[in-house]
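# Structure at a glance
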Amino acid sequence: MIQNKLKVLGITGGIGSGKSEVLHLLEEADGVKVLEADRLAHELMKPGRSCHRRITECFGEAILDEDGSIHRGKLGQIVFRDQAKLEQLNRIVHPAVKKSIRDRIRRAKETELRIYVIEAALLIQDGYSRICDEIWYIHTEREIRLSRLLSSRGGNREKWEAVLNSQPSDAYFIEHCDRVIENSGSRDELRNRLEQMLRLLLNS
C-alpha cells in the first residue's frame, strides 16, 4: 500500500481577497487536490448525509424544501438572528466536516497526490492548524478587495467597508499563518508566486 509524503495545505483569506482564483490555479498544478470546506458542509447537509437528520431534529421540518433538502435561506434566517442557534448549528456541522476531511486525507495518502489543499474561511479559528502542515493567507490590498466586491457583487462601498471591518485584520492572519500569498497584482504574478511557494512546501 502506498503511503506517500502528502502535504496538507490550508488556504484562508478575507472576502474579496481572491480565494477562488488562488484555488483555481492550485487545481491546475500536478498532484494537487483542492477541497472547499463550505462545499463539503453543504454535501453533508443533504438528505441521507450525516448532518441532515441532526439539523432537522434541532431546527424543525419547517426548514426543509418539498424534496426534504435543507433550505439554506430558511435555516439562515433562524441562525443569523440568534447567536446561540448559530453555535448549535456549528457544533453539528464543523466536527462532521473535520472528520470527513481527515478521512479524505487518510485516503489521499494512499494515492499519488502530493498536496491536499483545504480552503475554509475560519481555518485558523476552527483549529485546522492541527490538520495542516502549513497555512497560507491570501493578502490583497483593501482598495482592490473593495473594487472586486463592488464589481462582482454590487451594492455600495459603505456596505463592503462594514463587511471588511467585521473580519479579522491582516495582522491577525499573518500572525497565525506560515506564509502569505500576495494577490494584489496580475494573474501571472500570482501563478508564479504559487509555483514558487508550492516548491518550497514540497521541499520542506
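Residues numbered from 1 in each chain as written. Predicted model: local features only at pLDDT ≥ 70, side-chain atom pairs only at ≥ 80, totals over all residues. Heavy atoms only, no water.

## Remarks on the nonpolar core
In terms of nonpolar packing, the biggest core is built from 37 residues, with Ile 55, Leu 75, Val 97, Ile 101, Ile 105, Ile 118 and Tyr 128 touching the most fellow members. Mapped by element, the contributors of at least two residues to this core are α2 (37–44), α3 (50–59), α4 (72–79), α5 (83–108), β3 (115–119) and β4 (134–139). Here this core takes nine residues from α5, the largest share from any one element. The contacts of Tyr 128, once residues within four sequence positions are left out, are Val 97, Lys 98, Ile 101, Ile 118, Leu 122, Leu 123 and Ile 135. (Core = buried A, V, L, I, M, F, W, Y, C linked by side-chain atoms within 4.5 Å. Buried < 20%, exposed > 50% of the residue type's maximum accessible area, 1.4 Å probe, protein only. Helix = DSSP H or I, 4+ residues; strand = E, 2+ residues; numbered from the N terminus. Contact = heavy atoms within 4.5 Å.)

## Comments concerning the sheet that holds β4
The strand order across the open sheet built from five strands is β2-β3-β1-β4-β5, with neighbouring strands paired in parallel fashion. Here the strands that pair on one side only, and so sit at the sheet edges, are β2 (32–36) and β5 (179–182). Direction aside, the axes of adjacent strands within the sheet are offset by 25° on average. As paired strands, strand β1 (residues 7–12) and β3 are joined by five bridges and run parallel to one another. Residue pairing across strands places Gly 10 opposite Ile 118, the latter belonging to β3. Each of β1, β2, β3, β4 and β5 is contacted by helix α1 (residues 19–28), which is oriented at about 150° to β2, the strand it contacts most. Against the sheet, helix α9 (residues 187–203) contacts β1, β3, β4 and β5, and its axis sits at roughly 160° relative to β5. (Pairing = 2+ DSSP bridges. Axes fitted to C-alpha atoms, helices over the stretch in contact; angles between N-to-C directions.)

## Points about the pattern of salt bridges
Should their charged atoms come close, side chains of opposite charge can pair. One pass over the full model with this rule turns up 11 salt bridges. The closest approach of N and O atoms between Asp 103 and Arg 106, which form a salt bridge, is 2.4 Å. One end of the pair, Asp 103, and the other, Arg 106, are both in helix α5, three residues apart, so they sit about a helical turn from each other. Take Arg 106: its relative accessible area is 49%, and that puts it in the partly exposed class. Measuring nitrogen to oxygen at the nearest pair gives 2.6 Å for the salt bridge that ties Glu 143 to Arg 157. Residue Glu 143 is found in helix α6 (residues 142–153), and its partner Arg 157 is found in helix α7 (residues 157–166); the two are separated by 14 residues along the sequence. Note on Glu 143: relative accessible area 47%, which makes it partly exposed. Members of the salt-bridge network, linked through shared partners, are Arg 142, Glu 143, Arg 157 and Glu 161. (Salt bridge = Lys/Arg side-chain N within 4 Å of Asp/Glu carboxyl O.)

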